[in-house]
Amino acid sequence: MKIRICLGTCCHLMGGADLYNFLEEQLEKSNRDFELETPSCLDYCNQADYEAPIVEIDEEIHDDVTIEKLKNILNQE
Amino acid sequence: MGDFFVEVDHAQLSKHNKQVPGDVFLSKKADKENRIVSVLADGLGSGIKANVLATLTTTISVNLTCNSVDIKDTAETIMKTLPECKERKISYSTFTIIDIDLRANQVEIMEFDNPGFMLFRDQKRKSLEKSKIDMNNPIGTSQTLYYSQFNIELGDRLIVFSDGVSQAGIGNKNYSLGWPEEEIASTVKERMSRLKDASARELSNFLVEEAHKIDGKEAKDDITSACFYFRSPRRTLLITGPPVDKSDDYKIKRKVEQFGGKKIICGGTTSKIYARLADKEINVNLESINKDIPPDSEIEGLDLVTEGILTMSRAIELLEAGGPDKIDVDDPGYKLYNMLKDSDYIKFVVGTKINEVHQNPNIPEDLGLRKNVVKKMAELLRDKYLKKVEIEYI
């Protein structure tokens, strides 16, 4: 699984760093094989349909992501 | 200004348990930045009284010399007008006046009772001949002052310090007479050979720290050191924000390529434009992730790559405060602050495209317009840190 967390100004302000810290913890704890990337900006936040923070999981975009939401997405995968 | 820049900085520690130092260092630029006049004064005694005495001496002598009064006449005015201690029959404040004339490439120094200055050239200490000048104080006691003059050479470092440095450790087993002059000089030389491009700030801090160590970390007197570094100007380019017109994106790459000096990009989109046009990779520095500021990145050919508004705002906070309370070397805002502080000339290239994201009402009001943030940063660098600043909008 490839996860990219946007750490641009907007996503960082809206909790991107918390998502990163959570995922890094998960990466250490779980045996799941996932690749974590933190691009400086994914360029979705300036599109009206998306709300920060943005996380891209296996090329699928998720917006307005919280830790709870992220847990649910990971459990479904 | 000549082909070199004069970096002036000083460091200071008050006598143990004293809040206010009795040493004062003051520096001022004059004649459209072609002259720098600095004075280090050590007021009699310690604490507030000494500070007032030293402040009087530095302020009067800096202002007189800046107003084109000859350095010897300034010293004479100070000696004649300011009284000596009635009980101890010694002058109320010692001083070193340094007058740097960049047009004439010349430095003049007047010394009264402070430890002698040290000039380092090509990593070696250079001795200069000093002329002795006797002057009478108001009650007719003759006092001896020393006048020196030298022509500046690129790379010269001039160091002055108070007796808190030369008398560090006095009475201790290994330093019964204080820190010997030759040892101070060799310690400074060794530091310079290790850190060839040591800034005035680094050297003055270093000397104060060493003296403090010799004093057993409890300063017996106020410890002050000032350093003047005559060097080539340090130039920095800071690009932030994409151009209004996408067809101007190439300008970012061209500006980076054509600039001689350090190069910084502040802004995720701006750094992506550069990386795309220059065909370089962006590597995010995960060590620098913290809650307040997005991490910085590395792009080959650039000295620093950070996020835009938040990081610049953090650097502004640090510039306003004069430094962080606690140093975090991974903090991108601190990295930016340090690079700006160590530059003499800063060129801002500001893309004026409005970032739609920042117009979102859900975003904290911290996100001022990029133009305003740059303006504030430039004003601080120019007015508080005496940097030469230029802003170009694209």
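Nothing here was measured: the structure is a model prediction, and the numbers come from that model. Note on numbering: residues in each chain are counted from 1, in written sequence order. The naming scheme follows written order: chains are lettered A onward, ligands numbered 1 onward. Side-chain atom pairs in this predicted model are given and counted only at pLDDT of 80 or more, local residue features only at pLDDT of at least 70, and totals for whole chains, interfaces and linings cover all residues. The basis for every side-chain value is the complete set of non-hydrogen atoms in the structure, without hydrogens or water.

**Student:** Give a description of the sheet that holds strand β4 (residues 60–62) of chain A that names residues and reports values.
**Tutor:** Whenever strands of a sheet pair, they do so through backbone hydrogen bonds, lying parallel or antiparallel. All names here are of chain A. Pairs of strands are assigned from DSSP output, requiring at least two bridges between the strands. The helix and strand labels rest on DSSP assignments: H or I over at least four residues marks a helix, E over at least two residues marks a strand, and numbering proceeds from the N terminus. Taken together, four strands build an open sheet; the order of strands is β2-β1-β3-β4 and the sheet is mixed. If you trace the sheet from one side to the other, it starts and ends with β2 (35–37) and β4, each paired once. Direction aside, the axes of adjacent strands within the sheet are offset by 20° on average. Looking at chain direction, strand β1 (residues 2–5) and β2 are connected through three bridges and run parallel. Considered in β2, the bridge of R4 is made with E37. By definition, residues are in contact when any of their heavy atoms lie within 4.5 Å. In this description, a line fitted to the C-alpha atoms serves as the axis of each element, helices being fitted only across the stretch in contact, and the angle between N-to-C directions of two axes falls anywhere from 0 to 180 degrees. Its contacts with the sheet put helix α1 (residues 9–29) on β1, β2 and β3 (55–57), and the angle it makes with β1 is roughly 150°.

**Student:** So what about the interface of chain B and chain A? Which residues, and what values?
**Tutor:** In this assembly, 24 residues from chain B lie in contact with 19 residues from chain A. Summed over both partners, the accessible area (1.4 Å probe) lost when two parts come together is defined as the buried area. Across the chain B/chain A interface, buried area totals approximately 1,600 Å², and carbon plus sulfur atoms make up 64% of it. Salt bridge criterion: a side-chain nitrogen from Lys or Arg within 4 Å of a carboxyl oxygen from Asp or Glu. The interface formed by chain B and chain A contains one salt bridge. Taking the shortest distance from any N to any O, the salt bridge between A:D43 and B:K272 comes out at 3.0 Å. N or O atoms closer than or at 3.5 Å make up a polar contact, with two conditions inside protein: a donor-capable atom paired with an acceptor-capable one, and, for residues adjacent in sequence, both atoms drawn from side chains. Taken together, the links from chain B to chain A amount to four residue pairs in polar contact (both at pLDDT 80 or more). Tallying contributions element by element places helix α7 (residues 268–278) of chain B first for the side of chain B that touches chain A, with four residues. By residue class, the composition of the side of chain B that touches chain A is twelve nonpolar, seven polar and five charged. Gly falls in the polar group here, along with every residue not listed as nonpolar (Ala, Val, Leu, Ile, Met, Phe, Trp, Tyr, Cys, Pro) or charged (Asp, Glu, Lys, Arg).

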